[in-house]
Amino acid sequence: MTVSDLTPLMAMAQSALYAEPNRHAHYLECTWPVDQPVSALQEALQHALQPCAGVHIAVAFSLTTWQRLNPNWQPASLREFVTLQGVNGETMPSTQADVWFWLHGDDRGDVMAGVLQVHHAIRDVLLTQREVSGFKNREARDLTGFVDGTANPKLDKRGDAAQIPIGQEGAGGSYVLTQQWRHRLSAFQQLTEDEQAQVIGRTKQDNIELTGDAMPPTSHVSRTDVKLDGVAQKIWRRSTPYGGAEDHGLYFIGFACELNRLDIQLQRMLGNTGDGYSDHLMRYSQAVSGAYWFMPAQVDLNAILSQSFV
Ligand code: HEM
């Protein structure tokens, strides 16, 4: 992709948002102790985000961190993630931290060089609470074997889904949801392929969306394909599989122009929207983390890294 493929709105984003392909990824969720001054974080981020060959490095912030870094304005609907409960007792826990780093590139060594650059820059200022390595699986399949990302918006539609529109506070930036989902693949694999397709809402081999009576209201696609007042609540997903033999799953990343789009999808998965259905995918995968972030446009990021506070 070249810069000219991007709409003016999309060109405002940090480069990681649309850059592809990305065979390897790395995620760092960090806390910022209150005794660390703003100036120390600004300096650490300036070093962490230096250009690094072959790797895109993006940064995003929690609400409280954004308010400390930039007391002048904040995106309208930014808030911190709170633990959510579902109708069947499922929990989506909040593990909200303060600063999120997202690195991705095609070469694992390049990504690792980026991770070391970030770590070296931040280690005296931030505490890393969660660190996950992700990778792109063959045919972009999740570890369940189902292709993930098919219904993502295409071309110009990506910016409309993922970024705050021009003219609003925080234009070009994104609301971000990250959730680490730990799969129970042994249970999922006990289902027949037809049963698995009903859990997801698409066929496994050919990745065709189920239709009519074949599409259960409890499928993952049924719960996340949402219209509100006639407007499709599209988001832009950049999730990757992660893990090893014992602990594996999906590191979910969703970008949205309004935080509410992410919240509605979660509430519909949990069965909290009054229609009596919840997402059967949660029988086979458990959220073990959850956080909301604001990923500012590049120009706003540059501004908060260079301004000085009295
Ligand atoms: C265990 C975690 C998850 C797995 C394995 C998973 C996997 C998938 C798969 C295989 C699809 C169908 C293909 C596609 O269009 O991408 C899909 C669709 C989708 N997922 Fe997920 N997903 C997970 C969590 C989530 C979460 C937490 C959200 C939202 C907060 C979400 C939002 C969506 C959306 C919006 C779609 C497209 C629906 C449509 O319009 O067809 N997913 N997911």
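These notes cover the structure that comes with them. Numbering of residues starts from 1 in each chain and follows the order in which that chain's sequence is written. Totals for whole chains, interfaces and linings use all residues, but because this is a predicted model, local features are given only for residues with pLDDT of at least 70 and pairs of side-chain atoms are given and counted only at 80 or more. Water and hydrogen atoms were dropped before computing side-chain values, which therefore reflect all heavy atoms in the structure.

## Describing the overall build of the protein chain
Moving on, step 1. Secondary structure summary: the protein chain contains ten helices and 14 strands in total.
Moving on, step 2. Taken over C-alpha atoms, the radius of gyration comes to 19 Å for the protein chain, in line with the 19 Å a tight globule of 310 residues would show.
Moving on, step 3. Its C-alpha atoms give the protein chain principal-axis dimensions of about 60 × 45 × 40 Å.
Moving on, step 4. Each residue is placed in one exposure class: buried if its accessible area under a 1.4 Å probe, protein chains only, is under 20% of its type's maximum, exposed if it is over 50%, and partly exposed if it falls in between. Within the protein chain, the proportion of its 310 residues that are buried is 54%. In this text, helices come from DSSP runs of H or I with a minimum length of four residues, and strands from runs of E with a minimum of two, each type numbered from the N-terminal end. Throughout, the radius of gyration refers to the C-alpha atoms, and the reference size of a globule is 2.2 Å times the residue count to the power 0.38.

## What about the packing of helix H2 (residues 38-48) against helix H4 (residues 108-122)?
When two helices pack together, their arrangement is given by the angle between the helix axes and the distance between those axes.
Moving on, step 1. Between H2 and H4, the least distance of the axes is 8 Å, while the angle of their chain directions is 160°. By the angle between their directions, the pair H2 and H4 is classed as roughly antiparallel. The element H2 and its partner H4 pack so that their crossing is right-handed. Taken together, the residues of H4 that come into contact with H2 (itself represented by Ala44, His47 and Ala48) are Gln117, Val118, Ala121 and Ile122. Note on definitions: angles span 0 to 180 degrees between N-to-C directions of axes, and those axes are lines fitted to C-alpha atoms, for helices only across the stretch in contact. Angles are sorted into four bins: roughly parallel if under 35 degrees, roughly antiparallel if over 145, roughly perpendicular if 65 to 115, and oblique for all others. By the definition used in this description, the sense in which the near helix is turned from the far one sets the handedness, with an anticlockwise turn below a right angle giving left-handed and a clockwise turn giving right-handed. We call two residues in contact when some of their heavy atoms are within 4.5 Å.

## Things to note about the packing of aromatic side chains
Moving on, step 1. Centre distance within 6.5 Å is the pairing criterion for rings of Phe, Tyr and Trp, where only the six-membered ring of Trp is used; planes under 30 degrees apart are then read as stacked, over 60 as edge-to-face, and the remainder as tilted. For the coordinates displayed, the defined rule picks out 13 aromatic pairs.
Moving on, step 2. With 5.2 Å between their ring centres and 65° between their planes, Phe81 and Tyr292 make a pair best called edge-to-face. On the criterion of sequence distance, the pair formed by Phe81 in the loop between helix H3 (63-69) and strand E3 (84-85) and Tyr292 in strand E14 (residues 291-295) is long-range, its members being 211 residues apart. For the pair Phe81 and Tyr292, one class covers both residues: buried.
Moving on, step 3. Here Phe188 and Tyr284 contribute two aromatic rings whose centre-to-centre distance is 5.5 Å and whose plane-to-plane angle is 70°, an arrangement assigned as edge-to-face. Of this pair, Phe188 sits in helix H6 (residues 185-189) while Tyr284 sits in the loop between helix H9 (259-270) and strand E13 (285-287), placing them 96 residues apart in sequence. Just as Phe188 is buried, Tyr284 falls in that class too.
Moving on, step 4. These aromatic residues form a ring-pair network of at least three members: Phe61, Trp66, Trp73, Tyr175 and Phe294.
Moving on, step 5. Any Lys NZ or Arg CZ found within 6 Å of a ring centre and within 35 degrees of that ring's normal is scored as a charge over the ring. The cationic tip of Arg68 hangs over the ring face of Trp32; the distance from NZ or CZ to the ring centre is 3.7 Å.

## Notes on the site of the ligand
Moving on, step 1. When at least one non-hydrogen atom of a residue lies within 4 Å of a molecule or strand, that residue is treated as near it. As a structural note, the neighbourhood of the ligand is formed by 26 residues, with Gly149, Thr150, Ala151, His220 and Arg237 the closest of them.
Moving on, step 2. Polar contacts, as counted here, are pairs of nitrogen or oxygen atoms within 3.5 Å of one another; within protein the pair requires one atom able to donate a hydrogen and one able to accept it, and residues that are adjacent in sequence qualify only if both atoms are side-chain atoms. Within the backbone of Gly149, one N or O atom sits 2.5 Å away from an oxygen atom of the ligand.
Moving on, step 3. Ala151 has a polar backbone atom sitting 2.8 Å from an oxygen atom of the ligand.
Moving on, step 4. The set of elements that each furnish at least two residues to the shell around the ligand consists of strand E7 (174-183), helix H8 (220-224), strand E12 (248-256) and H9.
Moving on, step 5. If you tally residues by element for the shell around the ligand, the top one is E7, at four residues.

## Observations concerning the nonpolar core
Moving on, step 1. Only buried residues count toward a nonpolar core, which is a set of Ala, Val, Leu, Ile, Met, Phe, Trp, Tyr and Cys residues joined through side-chain atoms within 4.5 Å. One finds Phe61, Met92, Phe101 and Leu126 to be the most contacted residues of the largest nonpolar core, which totals 52 residues.
Moving on, step 2. Sort the elements by how many residues they give to this core and H2 lands first, with six residues.
Moving on, step 3. In this structure, Phe101 is in contact with His26, Tyr27, Leu28, Cys30, Leu45, Ala48, Leu49, Ala58, Val59, Val118, Ile122 and Leu126, ignoring residues within four places of it in sequence.
Moving on, step 4. Grouped together as the second largest cluster of nonpolar side chains are 23 residues, Ala97, Trp236, Tyr251 and Phe255 included.

## A short note on a negative patch on the surface
Moving on, step 1. What makes a patch is a set of residues exposed beyond 30% relative accessible area and free of salt bridges, joined within 9 Å when like-charged and within 5 Å when nonpolar (Val, Leu, Ile, Met, Phe, Trp, Tyr). With residues, only the protein chains shown are counted as cover, and all accessible areas are computed by Shrake-Rupley using a 1.4 Å probe. Salt bridge, as applied in this entry: a Lys or Arg side-chain nitrogen positioned within 4 Å of an Asp or Glu carboxyl oxygen. For this count, His and the chain ends are skipped, Lys and Arg are scored as positive, and Asp and Glu as negative. Working definition for charges: the position is that of NZ of Lys, CZ of Arg, CG of Asp or CD of Glu. On the surface, a cluster of negative charge is contributed by Glu193, Asp194, Glu195 and Asp206.
Moving on, step 2. Here Glu195 lies in helix H7 (residues 193-200).
Moving on, step 3. Taking relative accessible area as the criterion, Glu195 reaches 38% and is therefore assigned partly exposed.

## Considering the environment of His119
Moving on, step 1. Positionally, His119 belongs in helix H4.
Moving on, step 2. Each C-alpha atom, one on His119 and one on Ala48, is 7.4 Å from the other, the two residues being 71 residues apart in sequence.

## Here's the deal with the pairing of strand E11 (residues 240-243)
Moving on, step 1. Pairing between strands is defined by DSSP: at least two bridges between them are needed. The pairing of E11 with E12 spans four bridges and is antiparallel. Residue Pro241 lies in a different strand from E12, and its bridge partner there is Leu250.
Moving on, step 2. The turn joining E11 and E12, which pair antiparallel and follow one another in sequence, is formed by four residues.

## Topic: the packing of H2 against helix H10 (residues 298-306)
Moving on, step 1. Orientation of H2 relative to H10, taken along the N-to-C sense of each, is 130°, at an axis distance of 8 Å. Taken together, the axis directions place H2 and H10 in an arrangement best described as oblique. On the side of H2, the interface is formed by Gln42, Leu45 and Gln46, while H10 contributes Ile304, Leu305 and Ser306.

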